[in-house]
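Summary of structural features
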Amino acid sequence: MRIDLHTHSRASDGTDTPAELVHAALRAGLDVLAITDHDTADGWGEAAAAARETGLMLVPGMEISTRHRGRGVHLLAYLPDPTYPPLAAELRKVLDGRAARVPTMVARLNGLGIDITADDVRRASAGAVASGRPHIADALVTLGVVRDRTEAFDRYLGWGRPAHVDRYAAPLETVIRAVAGAGGVSVIAHPWGRGGLGRPEEATLAELQAVGLTGIEVDHQDHDVAARARLRAMARDLGLVATGSSDYHGAGKTDHDLGCNTTDPAEFERLLALAAEASARSGRSTPQVSSHCDDHRPA
Ligand SMILES: [Zn+2]
Ligand SMILES: [Zn+2]
């Protein structure tokens, strides 16, 4: 059983449509795929429709941009009701903030002598819920300013680079509570990598667990062997679920092929059991894990 719990489609900054993502997962020999676009459930319906009638189990999820002690932290949320008002409100604020900074970043690039327009970015983000930095990066690639997204971030768009502009991110603890209230479970994405917790101490994870955190992503390309061992030990000590995943973005990110890291089936079972408990506690109508997952569980 091959399980990949962190992937992106064109609903955020991947390059596959949600349906193409499902077919790519089948070709990669996956049995379970989570679609986890940034701050949106927009790809769920199309992915579920594509997964129906196939052997693929689809897990609806998202990767939420949060902030914790001054750092940007990515939080994976699985199986929440995205219409739960406290969660929906945070997602709206994040998406609005992301779109709002694009014109400012374009103006900064113009100030650096780069001839890029808002239309170039709009063309690069066709199909996405909100334009963001990866789309500016793609536009820069199309314009021949940089070779790829990595160079665009390293030279212009990343934290501390000349065209970078800060934006809203929800407090991590607020989002963990909102995901639980929405009947879902939350997992810190790549805690040791970029957009992670910055080599968290066990005490930090324990605090987040007390608020409702369910797990941490252990096997991820941003983590070397030592980081994985350390994170796995902390997950075991605390009873957090340990996941593994590709963080696939289609052609948008190299060395993140589908299934390059996977989640242990026993850990996945625990995650599903905890999600079922969270769903029951919340009283929300949460999405189902299955190849028929665009219907909702009966209340
Ligand atoms: Zn991330
Ligand atoms: Zn991701």
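Structure first, text after, so check above.
These lines cover the structure that appears in this document, whether it is placed above or below. (Residues numbered from 1 in each chain as written. Chains lettered and ligands numbered in written order. Predicted model: local features only at pLDDT ≥ 70, side-chain atom pairs only at ≥ 80, totals over all residues. Heavy atoms only, no water.)

Looking now at unusual backbone geometry. Although it is not a glycine, Arg69 sits at a positive phi angle of roughly 50 degrees. Inspection of the secondary structure puts Arg69 in the loop between strand S3 (57-68) and strand S4 (71-78). A positive phi angle, near 60 degrees, is found at Leu79, a position not held by glycine. With respect to the element layout, Leu79 can be found in the loop between S4 and helix H3 (85-111). (Helix = DSSP H or I, 4+ residues; strand = E, 2+ residues; numbered from the N terminus.)

The subject of this paragraph is the packing of helix H8 (residues 202-211) against helix H9 (residues 225-238). Where H8 contacts H9, the axes come no closer than 11 Å and their chain directions differ by 45 degrees. One way to sum up the angle between H8 and H9 is to call them oblique. For the element pair H8 and H9, the recorded crossing hand is right-handed. Of the residues in H9, those in contact with Glu202, Leu205, Ala206 and Gln209 of H8 are Met234, Asp237 and Leu238. Looking at side-chain class alone, the contact of H8 with H9 contains 4 nonpolar, 1 polar and 2 charged residues. (Axes fitted to C-alpha atoms, helices over the stretch in contact; angles between N-to-C directions. Parallel < 35°, antiparallel > 145°, perpendicular 65-115°, else oblique. Left-handed = near helix turned anticlockwise from the far one by under 90°. Contact = heavy atoms within 4.5 Å. Nonpolar A, V, L, I, M, F, W, Y, C, P; charged D, E, K, R; others polar.)

Before going further, it helps to spend a moment on the pattern of salt bridges. In this structure the tally under the stated criterion is 15 salt bridges. With its nearest N and O atoms 3.4 Å apart, the salt bridge here joins Glu267 to Arg270. With a gap of 3 residues between them, Glu267 and Arg270 both fall in helix H10 (residues 265-282), about one helical turn apart. You can call Glu267 buried: its relative accessible area is 17%. By relative accessible area, Arg270 is classed as partly exposed at 32%. (Salt bridge = Lys/Arg side-chain N within 4 Å of Asp/Glu carboxyl O. Buried < 20%, exposed > 50% of the residue type's maximum accessible area, 1.4 Å probe, protein only.)

Our next topic: the coordination of the zinc ion (ligand 2). Note on the zinc ion (ligand 2): its protein donors are His6 (NE2), His8 (NE2), Glu63 (OE) and Asp247 (OD). The metal-donor distances range over 2.1 to 2.2 Å. One can describe the site at the zinc ion (ligand 2) as irregular: its 4 donor atoms subtend angles covering 80 to 170 degrees at the metal. Mapped onto the sequence, the donors of the zinc ion (ligand 2) take the spacing H-x1-H-x54-E-x183-D. With relative accessibility at 0%, the residue His8 sits in the buried group. By relative accessible area, which is 2% here, Asp247 ends up buried. (Donors = N, O, S within 2.8 Å, 3.2 Å for Na, K, Ca; no water. Tetrahedral: all angles 85-135°; square planar, octahedral: opposite > 155°, others 65-115°.)

Every protein donor of the zinc ion (ligand 1) is accounted for by Glu63 (OE), His74 (ND1) and His190 (NE2), and the metal-donor separations fall at 2.1 to 2.2 Å. Site description for the zinc ion (ligand 1): donor spacing in sequence, E-x10-H-x115-H. Assessed through its relative accessible area of 1%, Glu63 is described here as buried.

Moving on: the environment of His23. Turning to its location among the elements, His23 is positioned in helix H1 (residues 18-27). Measuring from C-alpha to C-alpha, the distance between His23 and Pro103 comes to 35 Å, with 80 residues separating the pair along the chain. Side-chain polar atoms of His23 contact the backbone oxygen of Ala19, separated by 3.0 Å. (Polar contact = N/O pair within 3.5 Å; in protein donor to acceptor, adjacent residues only side chain to side chain.)

Right, let's get into the nonpolar core. One finds Leu33, Ile188 and Ile216 to be the most contacted residues of the largest nonpolar core, which totals 47 residues. Dropping the residues within four chain positions of it, Ile188 is found in contact with Val73, His74, Leu75, Leu172, Leu197, Leu208, Leu213, Gly215, Ile216 and Glu217. Counting 19 residues, the second largest nonpolar core, distinct from the first, contains Met105, Ile116, Ala124 and Phe153. (Core = buried A, V, L, I, M, F, W, Y, C linked by side-chain atoms within 4.5 Å.)

Turning our attention to the pairing of strand S8 (residues 241-244). Side chains of S8 alternate between two faces, with Val241 and Thr243 and Ala242 and Gly244 buried alike. In this structure, strand S7 (residues 215-219) lies alongside S8, joined through 4 bridges in parallel fashion. Pairing of Glu217 across the sheet is with Thr243, part of S8. After leaving S7, the chain enters H9 and then returns to the sheet as S8, a path that is right-handed. (Pairing = 2+ DSSP bridges. Right-handed = clockwise from strand over helix to strand, strands pointing away.)

Any link to function would need more than the numbers given here.
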